[in-house]
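Spelled out, the chains give:
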Amino acid sequence: MAVDLLNVKGLQELDPLAPVVMVNLMRFRERSLDGDGSGWDAYLRYSALTVPMIKARGGTLLWTGDAKAVALGLEAGNTWDYLALVYYPTVAAFIDMMTSADYENRCDPHRTNGCAEHVIIATREAYSKFKVP
């Protein structure tokens, strides 16, 4: 499997055909583990390979941004460098990408080299229910 911490059991308890938005929280390493630049540089290599895989499965990158400050809650342990919201048309599409040999061999090494910590939270797709001014 591509990602050793992927919670396949938990994901399989969700409706496999329901849309999902993944909230990605990333904390970067100062230096990439492969010695090729910073953790951010490794993450950019990861993104360049992963975004086409997301799109091939009908998904899209909804939003990305730098994490600036903890606005509510304890700051300790909750500081992140970067966030991304990624839409997938189905939970099954997300699992398919994350467990593919292409992801494991081409993408995940860059993610591992760049991220000291990477948490992904599955949410029910609900963004379309609200109008943003």
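Remember, predicted model here, so these are calculated numbers, not experimental data. (Residues numbered from 1 in each chain as written. Predicted model: local features only at pLDDT ≥ 70, side-chain atom pairs only at ≥ 80, totals over all residues. Heavy atoms only, no water.)

1. A few points about the sheet that holds strand S2 (residues 60-66)
Phase 1 of the analysis: Spatially, 4 strands are ordered S2-S3-S1-S4 in an open sheet, and the strand pairing comes out antiparallel. Pairing within the sheet leaves two strands with one partner each, and these edge strands are S2 and strand S4 (115-124). Ignoring which end each strand starts from, the neighbouring axes of this sheet average 15° apart.
Phase 2 of the analysis: Sheet analysis places S2 next to strand S3 (residues 82-88), joined by 6 bridges and oriented antiparallel. Bridged to Leu61 within S3 is Val86.
Phase 3 of the analysis: Helix-sheet contacts for helix H2 (residues 39-56) involve strand S1 (20-28), S2, S3 and S4, and the interaxial angle to S3 is about 10°.
Phase 4 of the analysis: Taken strand by strand, helix H3 (residues 91-98) contacts S1, S3 and S4, and its axis lies near 120° from that of S3. (Pairing = 2+ DSSP bridges. Helix = DSSP H or I, 4+ residues; strand = E, 2+ residues; numbered from the N terminus. Axes fitted to C-alpha atoms, helices over the stretch in contact; angles between N-to-C directions. Contact = heavy atoms within 4.5 Å.)

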